[in-house]
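# Understanding the architecture of this molecule
Residue-level listing of the chains:
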Amino acid sequence: MLGLTKRDTGLLIIVAILCIFAPFILNPFPEGSAMAQFNAGYPDLMQRLAIFGIFAIGFNILFGLTGYLSFGHAAFLGVGSYAAIWMMKLLTMNVVPAIIISVIVAGLFSLLVGWISLRRSGIYFSILTLAFAQMSYALAYSVLTPITGGETGLQPKVSDPRILDSALELGQSPRANLFGLDMKASAELVLGNWVFTFNAGYYIAAAVMLLAFYLSIRIFRSPFGMMLRAVKSNQQRMNYTGLNSKPYTLAAFVISGMYAGLAGGLLVAMDTQVGAERMFWTASGEIVVMTILGGAGTLIGPVLGAGLIKYMENIVSKINKTVLEQWFAFLPDGLEDLLITLIYPFVGKGWHLTLGLMFMLVVIFLPGGLVEGGQRISKLFRRKKTDPNTPSGKTTPAE
């Protein structure tokens with residue numbers, strides 16, 4: 001189906017089902033309960049799960065297949081965002097032209113950065129990409145203020161020309177839309193104490209993520225993907241055979257940059273406010289952690305890593321002392337205070353400590369990331385019972 005193997009088709013269907021039913025899956029606890037703190041089925045977070053999933057999928061095409069570690073991919077996210085916001089300011093608030101131009105501009109910029117950076121490999125390549133990202137951040141933050149808005153950033157204004165849109169009525173503000181469908185439009189389903197929110201912007205982002213995931217599968221299974229794996233395996237030996245690896249690595253870099261630009265355009269479609277902080281080096285480091293945590297070189301791993309980190313950033317970071325006191329109110333005062341003292345450094349503002357410990361454990365015990373952990377668990381359940389007469393599990397051939 002769609003040019004995929006049975007196994008890849010099954011994986012795509014699973015991801016599609018997860019995207020469709022995300023409002024139910026991410027809201028397992030009733031409203032008002034103590035565990036409702038862990039519900040993540042609200043539009044802003046669901047949109048970010050899908051968008052950063054796209055960002056991670058694209059980064060994985062470069063890092064997971066070729067082994068080239070970029071510390072500057074946030075630059076392409078930021079460039080795509082700025083291109084999208086200017087399209088909304090000058091042309092139309094329809095998100096389609098904004099997303100298209102964000103992919104094109106990010107692709108052109110990644111072509112330039114890749115052409116220079118790929119002259120080196122290893123740590124030198126990583127440092128070059130980091131340098132480009134920081135230069136881009138500095139330009140956006142201070143030098144190119146008329147274009148980027150500097151410290152305050154950019155957002156659509158009523159006074160913007162928008163040559164394809166009709167004039168706004170008095171009191172209206174420009175809102176991102178898809179052919180008239182407001183990206184913030186939502187519908188709620190109330191079932192008992194559960195409230196499920198279905199947001200138009202999320203489902204649009206999820207549909208784009210499914211398409212991006214499908215394209216990544218085709219790249220992974222193509223001869224082009226095999227050449228990229230050869231680069232990762234032994235680039236020097238590949239060059240000795242007479243094959244020039246640079247066009248392949250540059251193509252992977254550009255494709256990865258276009259994925260980042262697509263994510264940047266979608267971020268603008270969901271939240272029409274762009275700032276230079278999207279290009280800072282910490283944003284590039286975050287996508288590296290997402291990919292490694294989920295499983296670099298796997299298909300679904302980066303999506304899982306992006307989802308876990310964004311969940312922790314938005315849910316675990318909101319657990320403060322007041323929440324902990326509500327959880328442990330039934331305990332004696334001394335024990336309650338002890339538990340709060342032990343747990344509090346790992347939640348709230350200290351959620352990065354929890355993430356760091358989790359990342360260390362994954363790198364040490366699960367080098368293949370969360371995907372490897374899932375594979376190990378599935379093997380335990382699929383282990384077949386051996387014949388008691390053949391303890392080794394092997395049969396003896398007949399004489």
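Residues numbered from 1 in each chain as written. Predicted model: local features only at pLDDT ≥ 70, side-chain atom pairs only at ≥ 80, totals over all residues. Heavy atoms only, no water.

Another aspect to go through is the overall build of the protein chain. The number of helices and strands found in the protein chain is 16 helices and four strands. Computed over its C-alpha atoms, the radius of gyration of the protein chain comes to 24 Å, within 12% of the 21 Å expected for a compact globule of 399 residues. Taken over the C-alpha atoms alone, the protein chain extends approximately 90 × 70 × 45 Å along its principal axes. A total of 399 residues make up the protein chain; the buried ones form 46% of that total. Taking the contacts inside the protein chain whose residues are at least 6 apart along the sequence as the reference set, 72% of them involve residues at least 24 apart. If you sum the accessible surface of the protein chain, you get close to 20,800 Å²; carbon and sulfur atoms cover 67% of it. The positive charge centre, built from 28 side chains, and the negative charge centre, built from 20, are 15 Å apart in the protein chain. (Helix = DSSP H or I, 4+ residues; strand = E, 2+ residues; numbered from the N terminus. Rg over C-alpha atoms; globule rule 2.2 N^0.38 Å. Buried < 20%, exposed > 50% of the residue type's maximum accessible area, 1.4 Å probe, protein only. Contact = heavy atoms within 4.5 Å. Areas by Shrake-Rupley, 256 points an atom, 1.4 Å probe, with all protein chains shown as cover. Lys, Arg positive; Asp, Glu negative; His and termini not counted. Charge placed at Lys NZ, Arg CZ, Asp CG, Glu CD.)

So, about the packing of aromatic side chains. Scanning the entire structure with this criterion turns up 15 aromatic pairs. Here the aromatic residues Y68, F76, F109, F125 and F253 are joined through ring pairs into a cluster of three or more. Of note, K310 hangs over the ring of F52, and the distance from its end group to the ring centre comes to 4.0 Å. K321 extends its terminal NZ or CZ atom over the ring of Y344, reaching a point 5.1 Å from the ring centre. (Phe/Tyr/Trp six-rings, centres within 6.5 Å; stacked < 30°, edge-to-face > 60°. Lys NZ or Arg CZ within 6 Å of the ring centre and 35° of its normal.)

So, on to the packing of helix α11 (residues 281-294) against helix α12 (residues 301-314). The geometry of α11 relative to α12 is characterised by a closest axis approach of 7 Å and an angle of 120° between their N-to-C directions. Classified by the angle their axes make, α11 and α12 are oblique. Seen along the crossing, α11 lies across α12 with a hand that is right-handed. Of the residues in α12, those touching α11 at E286, V289, M290, T291, L293 and G294 are G301, P302, G305, A306, L308, I309, K310 and E313. For the contact of α11 with α12, a count of residues per class yields seven nonpolar, four polar and three charged. (Axes fitted to C-alpha atoms, helices over the stretch in contact; angles between N-to-C directions. Parallel < 35°, antiparallel > 145°, perpendicular 65-115°, else oblique. Left-handed = near helix turned anticlockwise from the far one by under 90°. Nonpolar A, V, L, I, M, F, W, Y, C, P; charged D, E, K, R; others polar.)

Grouped together as the largest cluster of nonpolar side chains are 101 residues, with contacts concentrated most on I54, M209, F213 and L266. When residues in this core are grouped by element, the largest group, 15 residues, is from helix α3 (residues 43-66). Setting aside chain neighbours within four positions, we find F213 in contact with L11, L12, V15, I57, L299 and I300. (Core = buried A, V, L, I, M, F, W, Y, C linked by side-chain atoms within 4.5 Å.)

Inspection of the secondary structure assignment puts Y68 in the loop between α3 and α4 (74-90). Take Y68: its relative accessible area is 7%, and that puts it in the buried class. In this structure the C-alpha to C-alpha distance between Y68 and G122, which are 54 residues apart in sequence, comes to 6.8 Å. When near neighbours in sequence (up to four residues on either side) are disregarded, Y68 contacts L62, F63, L118, R120, S121, F125, V231, Q235 and T249.

To continue, consider unusual backbone geometry. Of note, the phi angle at R162 is positive, near 40°, even though the residue is not glycine. Looking at the element boundaries, R162 is found in the loop between α7 (145-148) and β1 (177-178). The class for R162 is buried, based on a relative accessible area of 5%. Phi angles above zero are rare outside glycine, and F179 is one such case at about 50°. Of note, F179 is situated in the loop between β1 and β2 (181-182).

Both strand β3 (residues 186-191) and strand β4 (residues 194-199) contribute to a ladder of six bridges, which runs antiparallel. Paired with E188 across the two strands is T197, which belongs to β4. Hairpin connection of β3 to β4: two residues between the antiparallel strands, including G192 at a positive phi of 65°. (Pairing = 2+ DSSP bridges.)

Counting through the fold element by element, N60 comes out in helix α3. Residue N60 is classed as buried on the basis of its relative accessible area of 2%. Sequence-distant contacts of N60, that is, excluding residues within four places in its chain, are made with L65, F220, T291, G295, A296, G297, T298 and P302.

Here we take up helix α6 (residues 122-143). Counted at 1.5 Å a residue, the expected span for α6 with its 22 residues is 32 Å, and the 31 Å between its end C-alpha atoms agrees. All buried positions along α6 are accounted for by F125, S126, T129, F132, A133, S136, Y137 and A140. In a view along the axis of α6, the buried residues occupy a sector of 135°, so they form one face of it. Away from the buried face of α6 by more than 90 degrees, exposed residues I123, Y124 and V143 are located. For α6, the secondary structure elements touched by its buried residues are α3, α4, α5 (95-117), α7 and α10 (246-270). (Expected span 1.5 Å × (residues − 1). Arc of directions from axis to C-beta.)

Among the surface-exposed residues, I13, I14, I17, L18, I20, F21, F24, I25, L189, L191 and W194 lie close enough to one another that they form a single nonpolar patch of about 940 Å² accessible area. For the nonpolar patch, the elements supplying multiple residues, two or more each, are α1 (6-20), α2 (22-25) and β3. Sorting elements by how many residues they give to the nonpolar patch places α1 first, with five residues. Along the chain, L18 falls in helix α1. According to the relative accessible area criterion, L18 is partly exposed, its value standing at 42%. (Patch = residues over 30% accessible without salt bridge, like charges linked within 9 Å, V, L, I, M, F, W, Y side chains within 5 Å. Salt bridge = Lys/Arg side-chain N within 4 Å of Asp/Glu carboxyl O.)

On to the environment of F24, then. Residue placement: F24 occurs in helix α2. A relative accessible area of 30% places F24 in the partly exposed class. With 296 residues separating them along the chain, F24 and N320 place their C-alpha atoms 26 Å apart. When near neighbours in sequence (up to four residues on either side) are disregarded, F24 contacts L189, F196 and F198.

Spatial relationships are all this shows, so hold off on functional conclusions.
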